[in-house]
Amino acid sequence: MKYDEAKRYVEKLKRTRQEYKGEAAAYYAKFSYALGIVFVVFLGIGIIDMSKRKISFIINLMISMLIFVSYYLFYALGISFAAKENISPFLGANLGTVFIAV
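Remember, it's a predicted structure, so these values are computed and weren't measured experimentally.

Looking at the overall build of the protein
Here is step 1 of the chain: From N to C terminus, the protein includes five helices and zero strands.
Here is step 2 of the chain: Its helices and strands taken in sequence order, the protein reads α-α-α-α-α from the N to the C terminus.
Here is step 3 of the chain: The globule rule puts the C-alpha radius of gyration for 102 residues at 13 Å, and the 17 Å found for the protein is more than 25% above it.
Here is step 4 of the chain: For the protein, the spread of C-alpha atoms along the principal axes amounts to about 60 × 25 × 20 Å.
Here is step 5 of the chain: Relative to its 102 residues, the protein shows a buried fraction of 27%.

As structure tokens, this is what we get:
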């Protein structure tokens, strides 16, 4: 589904008073996921480039992988909470990105 189609679908669900927060979170996630991945890559490059020794490179690589897994965990939790209407769809879609940005 393209961005404009998803936006129209969410607006249609709002107008007909159906559950729309899960779809709205998925719509917002189309933007925030890409931004979050950019943050993860820049953070990983910064961590990996800290040391030139081989053993430090492996440790830094593992730290970078841990950061990505934690980002994805927060991203998935945010989408899940937004779909269950525990938090707003915008915050749910951006939870992982906010975690990495902080």
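Having seen it, we continue.
Topic: the packing of aromatic side chains
Here is step 1 of the chain: Taken as a whole and judged by the stated rule, the model has eight aromatic pairs.
Here is step 2 of the chain: A ring pair is formed by F74 and F99, whose centres lie 4.2 Å apart and whose planes are at 20 degrees; its orientation type is stacked. Taken together, the positions of F74 in helix α3 (residues 54-83) and F99 in helix α5 (residues 95-101) put the pair 25 residues apart, joining distant regions of the chain.
Here is step 3 of the chain: Judged by its relative accessible area of 30%, F74 is partly exposed.
Here is step 4 of the chain: Linked through ring pairs, Y33, F68, Y71, Y72 and Y75 together constitute an aromatic cluster.

Concerning unusual backbone geometry
Here is step 1 of the chain: Unusually for a residue other than glycine, E85 sits at a positive phi of about 65 degrees.
Here is step 2 of the chain: By the secondary structure assignment, E85 is in the loop between α3 and α4 (89-93).
Here is step 3 of the chain: Owing to a relative accessible area of 37%, E85 belongs among the partly exposed residues under this scheme.

Focus on the confidence of the model for the protein
Here is step 1 of the chain: Per-residue confidence for the protein gives a mean pLDDT of 80, with 90% of residues at or over 70.
Here is step 2 of the chain: Least confident of the elements in the protein is helix α1 (residues 3-15), whose mean pLDDT is 73; most confident is α4, at 86.

Things to note about the side chain of S70
Here is step 1 of the chain: Position of S70 among the secondary structure elements: in helix α3.
Here is step 2 of the chain: In this structure S70 comes out as buried when scored by relative accessible area, which is 19%.
Here is step 3 of the chain: Polar contacts involving the side chain of S70 include one to the main-chain carbonyl oxygen of I67, which spans 2.8 Å.

Thresholds, definitions, all that
- Residues numbered from 1 in each chain as written.
- Predicted model: local features only at pLDDT ≥ 70, side-chain atom pairs only at ≥ 80, totals over all residues.
- Heavy atoms only, no water.
- Helix = DSSP H or I, 4+ residues; strand = E, 2+ residues; numbered from the N terminus.
- Rg over C-alpha atoms; globule rule 2.2 N^0.38 Å.
- Buried < 20%, exposed > 50% of the residue type's maximum accessible area, 1.4 Å probe, protein only.
- Phe/Tyr/Trp six-rings, centres within 6.5 Å; stacked < 30°, edge-to-face > 60°.
- pLDDT = per-residue confidence, 0-100.
- Polar contact = N/O pair within 3.5 Å; in protein donor to acceptor, adjacent residues only side chain to side chain.

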